[in-house]
Amino acid sequence: MKPNIISRKLIKPCTPTPPNLNKYKLSYMDENLPQMNVGIILFYPPNPNTNIPKERIHIHELEKSLSQISPQFYPLAGRFIKNDHLVDCSDQGVEFVEAEFVDDDVDFIDLLSKMETRQLSDLLQPKFHQVDELPTDPLLSVQVTQFKCGALAVSVSVSHRIFDAASVGTFIAAWSSNANNNNLGGKISPSFESIELFPGNGTSPELCLTAPCPPTPVGKMFCFNNDAIMSLRSKLTTYYSRVRVVCAVIAKALIEVDRAKRGGRISRPCQIIQTINMRGRTIPPLPKHSCGNLSVLAPILIMTDKVVGIERLVDILGDGLEKRFADCAEMFSPGGRGWQGVITGPLSDMVEKLCSDEVNTIVFTDWSKLGLYEADFGWGQKPLGAGIGATPHEKTIVLMDNKEGDGMEAWVHLNGEDMAYFEQDEDIKLHTMS
């Protein structure tokens, strides 16, 4: 289902980056992240304005607004210099690709209903693992793909070397607001203080968190709508957030998958890793629109010699989060552990278990507050659907709000055998649409 590439160009910032910002150094977290991209795809219905030629719908406006917003996000228009461990911010430009589907083989509604990362991969530039390979590689690539029916996909792919998902969400909000002539765009002021707070070593990664080479796991989206969330909550004795409930249901299912693959015998101990956005949790708090890689990990080890219920898992996950929330709050306190202790403390043991065949590791990352379904680029339409790029590690789950804002979309990445088991889990069949 590869689209035809119509054009590929570099969009440069409308104003040059000041000389004092030409060298963007990496923070400690930046240095220790896998070499991969963070990819997001937004799907828009056909534009009702038939006076605009379909093949040119708003392309010029998107290019112009991208140029206008780029000075605020100046590292994205630079290039990573591997030997110097920094981004050269000399306004080399961001990649802008225009593409189209010319055949009827690709059905827009069918694509939205299936939502699998392998089907969506051709809507992103480049592939998740093709990043920082050359000093000329763009750190931000945008692809706008036109469907024959007039629908549109706008994708953003950013090097994880410098941006996490929350940073990408900030960029999309600022870009769409600028394209829409919305005053909100002026209120989104990104900042880049991570290098000052978490200085890097200027060396190769200390941790072995490298991304594996393709083939990638199967990635499918499972939707927990509001009725499903309410049904799950009704079975629990305490009220819990949507994110925590969904994490517990998926974790339980994956623990049972591991048990089933071993003939129903006792499953392996399970390490559950939850990512925590530091913004707003430190004292003093980091700005909401602070850009960079600003997450800490909350690993928890669960013994699964007995069946673990959903409510028990909700409590265990919550205890792990609360402990790390407290760690974040004292990260900058004079008498606290310091950021090195908070960030690196649990990592060595976590990575050892991650690489061990004796432990079943599940990773949850929460994108539910990115506001992706609010992105209106100026044609009066908000997204009908949102997809993500490939994730390199199996048993990685990305959680997003659904379009209505009252449910959850869970992107589950598993190998083919595990996915077949997972889809037959009773709670998954009962409470999700895929």
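Our subject is the structure listed above.
Below, the structure is looked at part by part. (Residues numbered from 1 in each chain as written. Predicted model: local features only at pLDDT ≥ 70, side-chain atom pairs only at ≥ 80, totals over all residues. Heavy atoms only, no water.)

We now examine helix H12 (residues 347-354). Three or more residues of H12 are buried, namely Leu 347, Met 350, Val 351 and Lys 353. Down the axis of H12, the buried side of the element spans an arc of 160°, and every buried residue falls inside it. Those residues of H12 that are exposed and aimed more than 90 degrees away from the buried face are Ser 348 and Glu 352. Tucked into the core, H12 has its buried residues touching strand E10 (270-277), strand E11 (295-302), helix H11 (338-344) and strand E12 (360-366). (Buried < 20%, exposed > 50% of the residue type's maximum accessible area, 1.4 Å probe, protein only. Helix = DSSP H or I, 4+ residues; strand = E, 2+ residues; numbered from the N terminus. Arc of directions from axis to C-beta. Contact = heavy atoms within 4.5 Å.)

Before going further, it helps to spend a moment on the sheet that holds strand E3 (residues 37-44). Read across the open sheet, the six strands follow the order E1-E6-E7-E8-E3-E13; overall the sheet is mixed. Bordering the open sheet on either side are strand E1 (4-11) and strand E13 (385-388), each of which pairs with just one other strand. Shown here is a sheet whose adjacent strand axes are inclined to one another by a mean of 15°, direction ignored. Of the strand pairs in this sheet, strand E6 (residues 94-100) and strand E7 (residues 140-146) are connected by six bridges, and their pairing is parallel. In the sheet register, Phe 96 faces E7, and the bridge partner there is Val 142. The sheet strands contacting helix H2 (residues 59-69) are E1, E6 and E7, and the helix crosses E6 at an angle near 170°. Where helix H5 (residues 165-179) meets the sheet, it contacts E3, E7 and strand E8 (152-159), and its direction lies at approximately 135° from that of E8. (Pairing = 2+ DSSP bridges. Axes fitted to C-alpha atoms, helices over the stretch in contact; angles between N-to-C directions.)

Looking at where Val 342 falls in the secondary structure, it is placed in helix H11. Measuring from C-alpha to C-alpha, the distance between Val 342 and Phe 73 comes to 28 Å, with 269 residues separating the pair along the chain.

Before going further, it helps to examine the pattern of salt bridges. Using the criterion set out here, one finds 19 salt bridges in the structure. Of the charged contacts, one joins Asp 327 and Lys 323 as a salt bridge, the two residues approaching to 3.6 Å between their closest N and O atoms. A residue pair is termed a helical-turn pair when its members lie 3 or 4 positions apart in one helix, as Asp 327 and Lys 323 do in helix H10 (residues 310-329) at four residues. Looking at Asp 327, the relative accessible area reads 7%, which means it is buried. Residue Asp 327 is joined to Arg 324 by a salt bridge in which the shortest nitrogen-to-oxygen separation is 3.1 Å. Taken as a pair, Asp 327 and Arg 324 lie in helix H10 at a separation of three residues, close to a single helical turn. By sharing partners, the salt bridges in this structure join Glu 116, Lys 220 and Glu 423 into a single network. (Salt bridge = Lys/Arg side-chain N within 4 Å of Asp/Glu carboxyl O.)

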